[in-house]
Amino acid sequence: MSVLDDIIAGVRIDLDARRETVGLADLERLVAAVADPLDPMPAFRSAELSVIAEVKRSSPSKGHLAEIPEPAALAAEYEAGGASAISVLTEQRRFSGSLADLDAVRERVAIPVLRKDFMVEPYQVWEARAHGADLVLLIVAALTDRQLTTLARVATSLGMTCLVEVHTAEEIARAVDAGVVLLGVNNRDLTTLEVDPGTFARLVEYVPTGIVKVAESGLTDATDAANAAAAGADVVLVGEALVRDSAPRRAVADMIEAGTLARKRS
């Protein structure tokens, strides 16, 4: 069993437990009462490099990263630094996340919020919207083509944006067939957790024009953000480097500045 398979097995157990407490009909009522989702795409398509800044306590590869006693306060720092969106890990077993973190961040910031989790059933998409998420992550390696299309359709019907994550050229083709508009290339292979910083640059040539490209994993500082932007990234998603930085507001701003300059030069 790969690392990804093991994570998803745990996700399904936790999902079943939540569903026993809150049914789909309950989520539908909650969704009807929340504000309309925010659209991240105008910012992502701007001339500046956009940053999706992540609230991330732990990871399977690095273990404990940061305490983050107040995720909303950290998200507010990210927003003040110029982040275009906030990513919130909600998977609890490997990432120490929760839907409570998502609630806290959504209440605090005025920019789009991504629920970052291992989405395998439509229930989770409804759950994300009920808790105020504007985007959801869909990992191609974790889904069949039918699952990918179904989850994307549900998210779109709720007005949400899908960040579709890939790691290979074959997965890019599958994402394109599913109608992707926001594509994340993960430098980390989720089956092994190994990071290859060159993955984005190698795969970007397979991404059709018009699709917004996100570089994920392995970005540690403004130089890495600039390199990703020079390679063709419109957006970078950064977690570990920001949660470990003592000045996350400045770190986000520095990445935006360096990345935007690199985009202008390339």
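Residues numbered from 1 in each chain as written. Predicted model: local features only at pLDDT ≥ 70, side-chain atom pairs only at ≥ 80, totals over all residues. Heavy atoms only, no water.

Any chance you could explain the pairing of strand 9 (residues 212-216) here in plain terms?
Each regular strand displays side chains that alternate between the two surfaces of the sheet. The element strand 9 is extensively covered by neighbouring structure, given that five of its five residues are classed as buried. Here strand 9 shows a buried face lined by Val212, Val214 and Glu216 and a second buried face lined by Lys213 and Ala215. In terms of strand pairing, strand 8 (residues 182-186) meets strand 9 through five bridges, oriented parallel. Within the sheet, the bridge partner assigned to Leu183 lies in strand 9 and is Lys213. In this sheet, strand 10 (residues 235-238) lies alongside strand 9 in parallel orientation, the contact comprising three bridges. Across the sheet, Glu216 pairs through a bridge with Leu237, a residue of strand 10. Traced from strand 9 through helix 10 (residues 222-231) to strand 10, the parallel crossover comes out right-handed. (Buried < 20%, exposed > 50% of the residue type's maximum accessible area, 1.4 Å probe, protein only. Helix = DSSP H or I, 4+ residues; strand = E, 2+ residues; numbered from the N terminus. Pairing = 2+ DSSP bridges. Right-handed = clockwise from strand over helix to strand, strands pointing away.)

Sorry if this is basic, but what is going on with the sheet that holds strand 7 (residues 161-166) here?
Where strands meet in a sheet, backbone hydrogen bonds hold them as pairs that are either parallel or antiparallel. The sheet built from eight strands closes into a barrel, its strands ordered 1-4-5-6-7-8-9-10 with parallel pairing. For this sheet the average axis-to-axis angle between neighbouring strands, irrespective of direction, equals 25°. (Axes fitted to C-alpha atoms, helices over the stretch in contact; angles between N-to-C directions.)

I tried to follow the nonpolar core on my own but got confused; where do I start?
Counting 94 residues, the largest nonpolar core has Phe44, Tyr78, Ile86, Leu138 and Leu183 as its most contacted members. Not counting residues within four places of it along the chain, the set of residues in contact with Tyr78 comprises Ala53, Glu54, Val55, Ala83, Ile86, Leu242, Val243, Pro248 and Val252. (Core = buried A, V, L, I, M, F, W, Y, C linked by side-chain atoms within 4.5 Å. Contact = heavy atoms within 4.5 Å.)

Looking at this model, I keep getting lost on the packing of helix 4 (residues 71-80) against helix 5 (residues 99-108). Mind explaining?
Think of two packed helices as two axes; the pair is described by the angle between the axes and how far apart they sit. Close contact between helix 4 and helix 5 brings their axes to 8 Å; oriented N to C, the two are set at 45°. The pairing of helix 4 with helix 5 is recorded here as oblique in orientation. Crossing geometry of helix 4 relative to helix 5 is assigned as right-handed. In contact with Pro71, Ala72, Ala73, Ala75, Ala76 and Glu79 of helix 4, helix 5 contributes Asp101, Ala104, Val105 and Arg108. Residue composition of the contact of helix 4 with helix 5, grouped by class: seven nonpolar, no polar and three charged. (Parallel < 35°, antiparallel > 145°, perpendicular 65-115°, else oblique. Left-handed = near helix turned anticlockwise from the far one by under 90°. Nonpolar A, V, L, I, M, F, W, Y, C, P; charged D, E, K, R; others polar.)

So what exactly am I meant to see when it comes to the side chain of Glu54 here?
With respect to the helices and strands, the residue Glu54 is situated in strand 1 (residues 50-55). A distance of 2.7 Å separates the side chain of Glu54 from the side chain of Ser87, its partner in a polar contact. Residues within four places of Glu54 in sequence aside, it is in contact with Tyr78, Ser87, Leu89, Lys116, Leu237, Val238, Gly239 and Val243. (Polar contact = N/O pair within 3.5 Å; in protein donor to acceptor, adjacent residues only side chain to side chain.)

Please explain the packing of aromatic side chains as it appears in this structure.
Geometry of an aromatic ring pair is reported as the spacing of the ring centres plus the angle between the planes. In total, this model carries one aromatic pair according to the counting rule given. Considering the side-chain rings of Phe95 and Phe118, the 5.9 Å spacing of their centres and the 35° angle between planes classify their relative orientation as tilted. Remark: Phe118 occurs in the loop between strand 5 (113-116) and helix 6 (122-130) and Phe95 occurs in the loop between strand 4 (85-89) and helix 5; sequence separation between them is 23 residues. Look at Phe118 and you get buried, because its relative accessible area is 6%. The aromatic ring of Tyr123 is capped on one face by Arg19, whose charged end is 5.5 Å from the ring centroid. (Phe/Tyr/Trp six-rings, centres within 6.5 Å; stacked < 30°, edge-to-face > 60°. Lys NZ or Arg CZ within 6 Å of the ring centre and 35° of its normal.)

Just checking my understanding: could you explain the packing of helix 4 against helix 12 (residues 248-265) for this structure?
Remark: helix 4 packs on helix 12, axes separated minimally by 7 Å, with the N-to-C direction vectors making an angle of 35°. For the pair helix 4 and helix 12, the crossing hand works out as right-handed. On the side of helix 4, the interface is formed by Leu74, Glu77, Tyr78 and Ala80, while helix 12 contributes Pro248, Arg249 and Val252. Considered class by class, the residues forming the contact of helix 4 with helix 12 number five nonpolar, no polar and two charged.

Where do I start with helix 10 in this structure?
One turn of an α-helix holds 3.6 residues; hence residues three or four places apart share an orientation. Buried residues of helix 10: Ala225, Ala226, Ala228 and Ala229, and no others. Projection of helix 10 onto a plane perpendicular to its axis shows the buried side chains occupying an angular sector of 160°, all on one side. For helix 10, the elements touching its buried residues are helix 9 (199-203), strand 9, strand 10 and helix 12. Between the side-chain oxygen of the N-cap and the backbone nitrogen of Thr223 there are 3.1 Å, and the N-cap of helix 10 in question is Asp221. One or two positions beyond helix 10, positive phi appears at Gly232, with a value near 125°. (Arc of directions from axis to C-beta.)

Is there a simple way to explain the pattern of salt bridges in this structure?
Pairs may arise between side chains of opposite charge once their charged atoms sit close together. One pass over the full model with this rule turns up 22 salt bridges. A salt bridge links Arg94 to Asp6; the nearest nitrogen and oxygen atoms lie 2.3 Å apart. In this pair, Arg94 is assigned in the loop between strand 4 and helix 5 and Asp6 in helix 1 (residues 3-21), connecting sequence segments 88 residues apart. Note on Arg94: relative accessible area 28%, which makes it partly exposed. Several salt bridges converge on common partners, so that one network encompasses Arg12, Asp16, Arg19 and Glu121. (Salt bridge = Lys/Arg side-chain N within 4 Å of Asp/Glu carboxyl O.)

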